Amino acid sequence: MKRSLINTNIEWAMKLCKEMNFNLPSFAFWTPEEWEEKKNLTQTMRQVGLGWDVTDYASGDFDKIGAVLFTLRNGKYGDMERPYCEKIIAMKDKQILPCHFHYDKTEDIINRAGGTLCVQVWNSTSKEDGYKVDEESEVHVVCDGMDVTVPAGGIVKVSNGNSITLTPYIYHRFYAEGGDLIVGEVSKVNDDANDNHFSEEMRLTIEEDEPVRHILCGGYVME
């Protein structure tokens, strides 16, 4: 993914948040120079991955498959003082976040503003069976505290203000429908390096075609 595309889409997400009255913390707008000036104060922020992340999930087509993410707060595994995470995911209309599950993390996925969040779900087969996508068994999820059962590959449509709870080993794929979207996530501690299992392998790289305008602090790049 090109650095220019990363820079441009972080600025798009900033604009979207402003238009939808979602206020980001001040460090969302720090320049690389400000991060450098505050490096002695931001060690914990860097360790837990606060800040921006942008990925096209190795698709080569960000507008089709990709997302801009911002982690507002996070803790460390085993540290009970902060055993939680909160982030937002900014998605363009019809943009897809590909199929994956988490080994440990339970997460509430919330439609904060914009279009409709569509969540397609499957169970995973066992480790011995290679964690395949189970195309047959029903999936049990919780939507705003209510039990919901959908067929394998079924789609739960989450409107503004509503949510879906996803537990470990439930494969899920998101996409935005009917407009750009701000998705909220409230979860256990987030560890993208060790807790994500995608249904397809991917190799993520950045092509440095222009200077960094916004430091990335999560996901596959740690500045």
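Heads up: the structure comes first, above all this text.
This write-up is about the structure you can find in this document. None of these values were measured; they are calculated from a predicted model. (Residues numbered from 1 in each chain as written. Predicted model: local features only at pLDDT ≥ 70, side-chain atom pairs only at ≥ 80, totals over all residues. Heavy atoms only, no water.)

### Side note on the packing of aromatic side chains
Okay, step 1: Counting across every chain of the model gives 13 aromatic pairs.
Okay, step 2: Taken together, a centroid distance of 5.8 Å and an interplanar angle of 70 degrees make the contact between Y103 and Y131 edge-to-face. Within this pair, whereas Y103 is found in the loop between β4 (96-102) and β5 (107-124), its partner Y131 is found in the loop between β5 and β6 (133-134), the two being separated by 28 residues in sequence.
Okay, step 3: Clustering of aromatic rings is evident, with ring pairs tying together F27, W30, W35, W52 and F70.
Okay, step 4: A cation over a ring is seen here: K38 above W30, with NZ or CZ 5.0 Å from the ring centre. (Phe/Tyr/Trp six-rings, centres within 6.5 Å; stacked < 30°, edge-to-face > 60°. Helix = DSSP H or I, 4+ residues; strand = E, 2+ residues; numbered from the N terminus. Lys NZ or Arg CZ within 6 Å of the ring centre and 35° of its normal.)

### What about the pairing of strand β11 (residues 170-188)?
Okay, step 1: The pairing of strand β3 (residues 84-91) with β11 spans eight bridges and is classified as antiparallel. By the bridge assignment for β11, M91 is matched with L181.
Okay, step 2: With three bridges joining them, β4 and β11 adopt antiparallel strand pairing. Residue pairing across strands places L97 opposite F174, the latter belonging to β11. (Pairing = 2+ DSSP bridges.)

Read these as layout, nothing more, since geometry by itself doesn't imply function.
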